[in-house]
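These are the residues of each chain, in order.
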Amino acid sequence: MSIKMDPRVQRTKAMFEEALLELMGEKDYKKITVREISERSTLNRATFYLHYYDKDELLEQMLDGALENLRISVQVKEFEFKYDSENPHPIFIRLFNKMIEQKRFYKVMLVQEKVPYFTESVREIIGTLVERATQYMVEDKIEFKVPIEMSVAYITSAYLGVIIWWLKHDMPYTPAHMAKQLTRLSTVGPWVENPYR
């Protein structure tokens, strides 16, 4: 059973995280000081040190929390897996909704690439999702024309690229629309008719 965090502590931590995120959107992380984080959050340094050893611990907790939330949101449920290119897959809808919920965070972390290991961690989460979907296809006796490992790497990179493009362009399409496009791209491709037939 997990211990629930005191709502006041939760609010305080959220204020420090928001302050750090704002500052990271403006300048290099290495140049940010605890004093600046405290001033931006309107809390004092003594309060900061009650919760964190240093700014690295704050960043680490913020990133770990975001990655865990993302992992939970894109878990594959067996009953959701369907071969249907015309309907958006629920996992993709959850993925894009999660990005919208924390759009400033994902813009700073993925578009500005402030913390490269975060981008790599998101790639790994998407890769796990793609691997699981691929496993369902293998179990359903669907044959691959290219090596499965290459297919997983290609689709994973493509998904991440599309997500970053969407964030960079201020999310011009809804999560449902984006989810439908990813579903279509990963099943029948981007064409009305396959030009290679």
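Residues numbered from 1 in each chain as written. Predicted model: local features only at pLDDT ≥ 70, side-chain atom pairs only at ≥ 80, totals over all residues. Heavy atoms only, no water.

Some remarks on the confidence of the model for the protein
In plain terms, the rule: As a per-residue measure, pLDDT tells how confident the predictor is, with possible values from 0 to 100. Comment: elements are numbered from the N terminus, with helices defined as DSSP H or I runs of at least four residues and strands as E runs of at least two.
Looking at the protein as a whole, its pLDDT mean stands at 88, while 92% of the residues score no less than 70. For the protein, per-element mean pLDDT is lowest for helix α9 (residues 175–185), which scores 87, and highest for helix α2 (residues 34–41), which scores 97.

So, the packing of helix α1 (residues 7–26) against α2
Short version of the rule: Axis lines are fitted through C-alpha atoms, for helices just across the contact stretch, and the angle between N-to-C directions can take any value from 0 to 180 degrees. The scheme is simple: roughly parallel for angles under 35 degrees, roughly antiparallel for over 145, roughly perpendicular for 65 to 115, oblique for anything else. Here a crossing is called left-handed whenever its near helix is offset anticlockwise from the far helix by less than a right angle, and right-handed whenever the offset is clockwise. Contact definition: two residues touch when any of their heavy atoms are within 4.5 Å. Classification used: nonpolar for Ala, Val, Leu, Ile, Met, Phe, Trp, Tyr, Cys and Pro, charged for Asp, Glu, Lys and Arg, polar for all others including Gly.
Axis separation between α1 and α2 bottoms out at 8 Å; the angle between their running directions is 115 degrees. One finds that α1 runs roughly perpendicular with respect to α2. With respect to the hand of their crossing, α1 and α2 are arranged in right-handed fashion. For the pair α1 and α2, the contacting residues are Met-15, Phe-16, Ala-19, Leu-20, Glu-22, Leu-23 and Glu-26 in the first and Glu-36, Ile-37, Ser-38, Arg-40 and Ser-41 in the second. Looking at the contact of α1 with α2, its residues break down into 6 nonpolar, 2 polar and 4 charged.

Section: the nonpolar core
To keep it simple, the criterion reads: As used here, the term nonpolar core means buried Ala, Val, Leu, Ile, Met, Phe, Trp, Tyr and Cys residues forming a set that is joined through side-chain atoms within 4.5 Å. Partly exposed residues are those whose accessible area sits between 20% and 50% of the maximum for their type, while under 20% is buried and over 50% is exposed, using a 1.4 Å probe and protein chains only.
By size, the foremost hydrophobic cluster in this structure holds 48 residues, and its most contacted members are Met-109 and Phe-118. Breaking this core down by element, the ones donating at least two residues are α1, α2, α4 (55–73), α5 (90–101), α6 (103–111), α7 (116–139), α8 (148–168) and α9.

Concerning the packing of aromatic side chains
For clarity, the threshold we go by: Any two of the Phe, Tyr and Trp rings considered here, Trp counted by its six-membered ring, make a pair once their centres fall within 6.5 Å; the pair's planes then place it as stacked at under 30 degrees, edge-to-face at over 60, or tilted in between. Two limits define a charge over a ring: the Lys NZ or Arg CZ must be within 6 Å of the ring centre, and within 35 degrees of the ring normal.
A full pass over the atoms with the stated rule returns 10 aromatic pairs. Residues Phe-96 and Trp-166 carry aromatic rings whose centres are separated by 4.8 Å and whose planes lie at 85 degrees to one another, so their mutual orientation is edge-to-face. Taken together, the residues Phe-96 in helix α5 and Trp-166 in helix α8 connect sequence positions 70 residues apart. The exposure class assigned to Phe-96 is buried, which follows from its relative accessible area of 0%. Both rings, one in Trp-165 and one in Tyr-173, keep their centres 6.3 Å apart while their planes meet at 20 degrees; by these two values the pair is stacked. A relative accessible area of 37% means that Trp-165 is categorised as partly exposed. What makes Tyr-173 partly exposed here is its relative accessible area of 39%. Taken together, the ring pairs connect Phe-16, Phe-48, Tyr-49 and Tyr-52 into an aromatic cluster. The aromatic ring of Tyr-29 is capped on one face by Lys-55, whose charged end is 4.3 Å from the ring centroid. Arg-132 extends its terminal NZ or CZ atom over the ring of Tyr-136, reaching a point 4.4 Å from the ring centre.

Comments concerning the packing of α6 against α7
Their axes nearest at 8 Å, the elements α6 and α7 cross at an angle of 105 degrees. One way to sum up the angle between α6 and α7 is to call them roughly perpendicular. Listed contacts from α7 to Phe-105, Tyr-106, Met-109 and Leu-110 of α6 are Phe-118, Thr-119 and Val-122. Class assignment for the residues of the contact of α6 with α7 results in 6 nonpolar, 1 polar and no charged.

Quick word on unusual backbone geometry
Phi is positive for Thr-42, which is not a glycine, with a value near 65 degrees. Relative to the elements of secondary structure, Thr-42 occurs in the loop between α2 and α3 (45–51). For Lys-141, which is not a glycine, the phi torsion comes out positive at approximately 65 degrees. Inspection of the secondary structure assignment puts Lys-141 in the loop between α7 and α8.

Concerning the side chain of Ser-151
Considering the arrangement of structural elements, one finds Ser-151 in helix α8. For Ser-151, a relative accessible area of 11% translates into the label buried. Residues within four places of Ser-151 in sequence aside, it is in contact with Phe-144 and Val-146.

Things to note about the environment of Trp-165
You can see Trp-165 is positioned in helix α8. Put simply, Trp-165 and Leu-110 are 55 residues apart on the chain and 9.8 Å apart in space, counted from C-alpha to C-alpha.

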